[in-house]
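The primary structure of each chain is shown beneath.
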4 protein chains.
Amino acid sequence: IRIGIIGAGRIGKIHADNLLRLQQAEVVAVSDLFAGPELEEWAVARGIQSIMKDSGAIIANPDIDAVFICASTDTHVPLIKQAALAGKHIFCEKPISMDIRQTEEAVEAARQAGVMLQIGFNRRFDHNFKRIREHVQSGTIGEPHVIKITSRDPNPPHPDYIKVSGGIFMDMMIHDFDMARYVSGSEIEEVYAQGNVLINPVFAEYGDVDTAIVTLKFENGALGVIDNSRQAAYGYDQRMEVFGSKGNVAVANDHPNTAEISTAAGVYKDNPLHFFLERYNEAYIEETQLFIDCILNGKPVPVDGQDGLQAERTALAAKLSMRLKRPVKVSEVLQLAEQYSAFL
Amino acid sequence: IRIGIIGAGRIGKIHADNLLRLQQAEVVAVSDLFAGPELEEWAVARGIQSIMKDSGAIIANPDIDAVFICASTDTHVPLIKQAALAGKHIFCEKPISMDIRQTEEAVEAARQAGVMLQIGFNRRFDHNFKRIREHVQSGTIGEPHVIKITSRDPNPPHPDYIKVSGGIFMDMMIHDFDMARYVSGSEIEEVYAQGNVLINPVFAEYGDVDTAIVTLKFENGALGVIDNSRQAAYGYDQRMEVFGSKGNVAVANDHPNTAEISTAAGVYKDNPLHFFLERYNEAYIEETQLFIDCILNGKPVPVDGQDGLQAERTALAAKLSMRLKRPVKVSEVLQLAEQYSAFL
Amino acid sequence: IRIGIIGAGRIGKIHADNLLRLQQAEVVAVSDLFAGPELEEWAVARGIQSIMKDSGAIIANPDIDAVFICASTDTHVPLIKQAALAGKHIFCEKPISMDIRQTEEAVEAARQAGVMLQIGFNRRFDHNFKRIREHVQSGTIGEPHVIKITSRDPNPPHPDYIKVSGGIFMDMMIHDFDMARYVSGSEIEEVYAQGNVLINPVFAEYGDVDTAIVTLKFENGALGVIDNSRQAAYGYDQRMEVFGSKGNVAVANDHPNTAEISTAAGVYKDNPLHFFLERYNEAYIEETQLFIDCILNGKPVPVDGQDGLQAERTALAAKLSMRLKRPVKVSEVLQLAEQYSAFL
Amino acid sequence: IRIGIIGAGRIGKIHADNLLRLQQAEVVAVSDLFAGPELEEWAVARGIQSIMKDSGAIIANPDIDAVFICASTDTHVPLIKQAALAGKHIFCEKPISMDIRQTEEAVEAARQAGVMLQIGFNRRFDHNFKRIREHVQSGTIGEPHVIKITSRDPNPPHPDYIKVSGGIFMDMMIHDFDMARYVSGSEIEEVYAQGNVLINPVFAEYGDVDTAIVTLKFENGALGVIDNSRQAAYGYDQRMEVFGSKGNVAVANDHPNTAEISTAAGVYKDNPLHFFLERYNEAYIEETQLFIDCILNGKPVPVDGQDGLQAERTALAAKLSMRLKRPVKVSEVLQLAEQYSAFL
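Before going into details, it helps to say that this report is about the structure given with it. (Residues numbered from 1 in each chain as written. Chains lettered and ligands numbered in written order. Predicted model: local features only at pLDDT ≥ 70, side-chain atom pairs only at ≥ 80, totals over all residues. Heavy atoms only, no water.)

Observations concerning the interface of chain C and chain D
Rules: Here, two residues are considered to be in contact whenever any of their heavy atoms come within 4.5 Å of each other. Each of two parts loses accessible area, computed with a 1.4 Å probe, when they are put together; buried area is these two losses added. Basic side-chain nitrogens of Lys or Arg form a salt bridge, by our definition, when they fall within 4 Å of a carboxyl oxygen of Asp or Glu.
Contacts between chain C and chain D engage 39 residues on the former and 39 residues on the latter. Buried area between chain C and chain D, both sides added, is near 3,000 Å², and the carbon and sulfur share of it is 60%. Of all residues in chain C, Gln-194, Leu-223 and Phe-243 of chain C bury the most surface against chain D, accounting for 19% of the area lost on that side. Linking chain C with chain D are six salt bridges, by the criterion used here.

Things to note about the relation of the copies chain C and chain D
So the rule is basically this: Superposition of the copies used a least-squares fit over C-alpha atoms from residues whose pLDDT is at least 70 in both.
Each copy superposes on the other: chain C lies on chain D with an RMSD of 0.0 Å after a rotation of 180° and an axial shift of 0.0 Å. Both copies are brought into coincidence by an operation consistent with a two-fold rotation axis. When C-alpha positions in chain C are compared against the rotation axis, the closest is assigned to Arg-326 of chain C, at 2.8 Å. Same-surface contact between copies: 100% of interface residues of chain C are shared with the interface of chain D.

Comments concerning the state of the cysteines
Simply put, the disulfide is a covalent bond whose two ends are the sulfur atoms of two cysteines. Which entries qualify depends on this criterion: Note on terminology: disulfide denotes any pair of cysteine sulfur atoms within 2.5 Å.
Following the criterion strictly, the structure yields zero disulfides over all chains and no others. No disulfide involves Cys-294 of chain A; its sulfur sits 16 Å from the nearest other cysteine sulfur, which is in Cys-92 of chain A. Between Cys-70 of chain D, a free cysteine, and Cys-92 of chain D, which holds the nearest cysteine sulfur, the sulfur-to-sulfur gap is 8.1 Å.

A look at the environment of Ile-292 of chain A
Rule in force here: Secondary structure elements follow DSSP: runs of H or I no shorter than four residues count as helices, runs of E no shorter than two count as strands, and numbering proceeds from the N terminus.
Of note, Ile-292 of chain A is situated in helix H12 (residues 281-297). Once residues lying within four places of it in the same chain are set aside, the contact partners of Ile-292 of chain A are Ile-1, Ile-3, Leu-19, Leu-22, Gln-24 and Ala-25 of chain A.

Considerations on the interface of chain C and chain A
For the record, the criterion: Pairs of N or O atoms are called polar contacts if they sit within 3.5 Å, as long as, within protein, a hydrogen donor faces a hydrogen acceptor (for residues adjacent in sequence, only side-chain-to-side-chain pairs). Gly is placed with the polar residues, together with every amino acid not listed as nonpolar (Ala, Val, Leu, Ile, Met, Phe, Trp, Tyr, Cys and Pro) or charged (Asp, Glu, Lys and Arg). Two strands pair if DSSP finds at least two bridges between them.
The partner chain A presents 14 residues to the 14 residues of chain C that form the contact. Together chain C and chain A conceal approximately 970 Å² of surface at their shared face, both sides included; 55% is due to carbon and sulfur atoms. Three residues, Val-267, Lys-269 and Asn-271 of chain C, lead the burial of chain C against chain A; their summed loss comes to 43% of the area buried on that side. Inspection of the chain C/chain A interface yields two salt bridges. Between Glu-260 of chain A and Lys-269 of chain C there is a salt bridge, with the nearest N and O atoms lying 3.6 Å from each other. For the interface between chain C and chain A, the tally reads six residue pairs in polar contact (both at pLDDT 80 or more). Where the side of chain C that touches chain A is concerned, the elements lending two or more residues are strand E13 (260-263) and strand E14 (266-269) of chain C. The greatest single-element share of the side of chain C that touches chain A, amounting to four residues, is contributed by E14 of chain C. Residues belonging to the side of chain C that touches chain A are distributed by class as follows: six nonpolar, five polar and three charged. Two strands pair when backbone bridges link them, and strand E14 (residues 266-269) of chain A and E14 of chain C are joined in this way by three bridges, in the antiparallel orientation.

Focus on the pattern of salt bridges
The following threshold applies: Relative accessibility under 20% of the residue-type maximum defines a buried residue, over 50% an exposed one, and the middle range a partly exposed one, all with a 1.4 Å probe and only protein chains included.
In total, this model carries 118 salt bridges over all chains according to the counting rule given. One salt bridge connects Glu-190 of chain A with Lys-329 of chain A, and the closest N-O pair in it is separated by 2.9 Å. On the criterion of sequence distance, the pair formed by Glu-190 of chain A in strand E8 (residues 188-196) and Lys-329 of chain A in strand E15 (residues 328-329) is long-range, its members being 139 residues apart. Relative accessible area serves as the criterion here: at 9%, Glu-190 of chain A is assigned to the buried category. Of the charged contacts, one joins Glu-190 of chain C and Lys-217 of chain C as a salt bridge, the two residues approaching to 4.0 Å between their closest N and O atoms. Of the two residues, Glu-190 of chain C sits in strand E8 (residues 188-196) while Lys-217 of chain C sits in strand E9 (residues 211-218), which places them 27 residues apart along the sequence.

Next comes the structure, spelled out in structure tokens:
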């Protein structure tokens, strides 16, 4: 499989490196708006021959079988449409877009073109979260009753990014909405969102919050709650549990080692793995492998456009809920989004 | 201090036994509606001389300094008023009543009589939860941002009890509302409650739920969430965490031992301490000791009538929120309770 | 059962307090060489009527059914003999003596008198170690192959005590030798001991060590190792594991709470329960209850004279091994002790 | 750096794969006595061009800068000597040989030739054990007093391997002897070894044991103990702790995930990572990277010939100790080995 990477920021480079380790994939071109000597050097060291600023040449290249869309979110929809038209399989980072209608169009475009579209919900491939899902699916904990997810970042993003991030629900909690669907095996029906600015007033400037709690009602009757914070002093906090009729399955954070030091001051251990690159390293590798594997073997991708769409709808419902100060059904987001468009 | 116990069910007997271990307290009388040979035998073995059916004689007894009100909830308010008039210090189990107005009257009666009134929120004296509060108060974790409480019972109560329990919020989550105030050091301003019947349809028959999640907004801006279940297959689940600007403090369950068994089937340990009697054994002892100590030394009790009242207001707000499907402010419960009285 | 306590130091007082909580036991007299106003006050507060300096009056008192021998080790043998002659059941602290021959005589005296003799190996009643034994006996871990015990004190004893302690093996590790027999269900056949003075040179002054490792060979072929330290900066360290053909069972320390605090500096928790009074509180209660229960129901005591004797033989073997720099069989200690008497 | 791999068994292939990921290394040739179509296929998939049966061509190849000696132990010494003469840097698996004199010659040959010789003690690069060493070196736990190492394999090796393995001390515990030196920062002065056949009588047939405990005396006065088992039902058990004057640092096993499942049957988690390939995956990568880095930058290798030699001497001392049933000094092994050569 010959691959073109569109957008060579942090995440684009990770995908490239992971693809380079696969026997059946080859990275043949990389495009980035800010391509320059530094990126050239990076590409040369990896044997990637074609570096360019314009993504158009990648999409136009008949030798390329699949593209990884890792550019800024506002470019995703047009790129998906173009790539689909060009018959290329597509791996796209989350979210597809911040506008549900547009996301729907992009997903539809890929469907009509008959190309694969995988969304970058990397956490589905995390060893801990997969183990939760396995236990839920195998019935170890019975029927799920309560799903709880904690997700806290070590540091808030740069203010420039906050401005265009789409807000905490679309940018950060969207991962957790996908996780909630993934581990529960049920769709989210309704959300109620609360948020506050407790870390940095800059979030308020952009109409965003830095701390949020969202409760969930699932179609199968289960309840859920997600809490997010943009800044945890001790690092990246990624925990989850599913409580059911026969038991509970909970995952704790991963730590860089298991050392426990006991002194007169108490017993301590090192903080969790620093951030997503460390924590989800293996998950990034696996999602890439699976994407290639699905293309090669004509299997459905593990995270498809509908998954991306559903997470976005839920994020929008949370945003509306926080603004309207009432629970919001996922099914009513489109209508509410129009009604309160000035508000969002 | 000479004590009379009113109501010799499970909890009344625990308080009696704990009082018997104190040098400065003496249990002189016990009343119970169902007093009989069994209770006689129990009392004789403990050297308690006076057993009766009617609580009136205890309240009328001038030799008694303080009473423990452990009878059914509907008797609490009249008993508090009578005991207050008789000048006796009062330890009353939670909740004081299920009617906020009546609770207010009872608290006021104790205040006017100048007697001490301590409410049985035993979890305030638990070694784990006290440690959380100490770390919050000492500033270890900075300003609290998110308070999370999980509270699950090993088994649902008997249907007869469910009927008169006041519902999951007033009967069970009331402890967690008190904990939320206790560990956060802030008042709860608003709640949003969700509940469902996932364990046993009998809860629905009484307009109750067996699974609930309530989100909290605190006056200091912090957010919170409590999840309750009436039945956890693995036993009593009592966990809590407070996340703040400088860190997180979390407590896990207590287990009967630290043994970890590794076999080909995996690594396992015994389930948590079975239920509240095992888990809060030491907390029950300490709340009793402190009550006696406060009487002897004229100190304010550690959990007073206002604490009882505030927890009840919050429980009522949760009940209303679930019914009205919208967030409810604690400050509006009285008005809403009147408006929706047919509803509750 | 009417009890006399001989020796009202720290451990004698603990036994007295635990006996006072039992319905079927009564502490009627306490003797202590240093009895004075302080002890009088202590006894009065507990309703113990008879306080004296001389233990003789306790043994001579026909109303006393059983004695707790908690005086210094050198008094144990004569007191056991006298109490046995007087037909009293005996609870004796460990070790019975530091001279195996004398211990044998004392055990024999109790046997001939037909009185019960229980030795104060309190750790047999610890919730963690009992759980290990249960798993070994039930076959969960198969045939035991390796027994590992770690036992470290928070602080070394006072030099005055070190001098008369009998050395680390007889004073401290004797508990672990008993534990090794208890959890493995097999007799110790041979030991090899190493020790060093790493904490305080005062140990060397008395021919003692403060750090020791002893390996064990059991009759059933299992191997074992015990490590002791007189001073752990983080407090009392009491861990154990048994590895067998089907698995491993390990117990960790008990902590005063389960709080885990995460800050930028790492994740920490409080140190283990401080020392034996905190850690073995419940075990002390249980050993006392069982002793009373055995007297009342004519059952054999859970830790008898042979148990005391066997632990002492093993401690002596360890002492000899360290001196002779070679493995020593428990069966050869008497002969070696005579041969190297000047050495011990 | 152009590399030749000598011996393409399991460990040789791992090194090859890890080298393939490095930018600055190239695997140009692989030799294996049993080279055939399967190995050809393996090599082709990795772009390794030269496959052969005879290691001679690798050593004779002037284009090769360094060799990885991963063939059977009996070939190590001649291969090291040949490679040293040919001026190639050498990475050699442990042990160098089972004959100390020969190992000395090989180490000397490399020294005289001025080539680097790194020994494959991969555990030095494990994240857990490195953290122990860091804490010991930084003084967190003060002066080391007691070093404890547990090392248990999930399954015993094949009988054919047992026969030529050199025995449990030279084959398995040699890693732990190296770890003891590594984490303590002190040399082992004396050992006392005990062993038994508890798992499979086949070990006895070859004069070997399957379960062993060795106590250590270090030059700095610290004591230590290592326990080994050839078969742990629950998998690979790799734990370690160093106790010192200011505290203790302990590492637990790594698990494939952090999931904790609570059901009516108890709380369980998955067994540790299966075996050395899973557990030490990252360590293997790091030792390879460092070897290449040392060659490129002329830095001394992190585990040199003296390290290999010292571990072998200690293993031999343990073997002698078990046979002679007495403690053995590492300094006396050569003399004893001659004296008891018939015995070994």
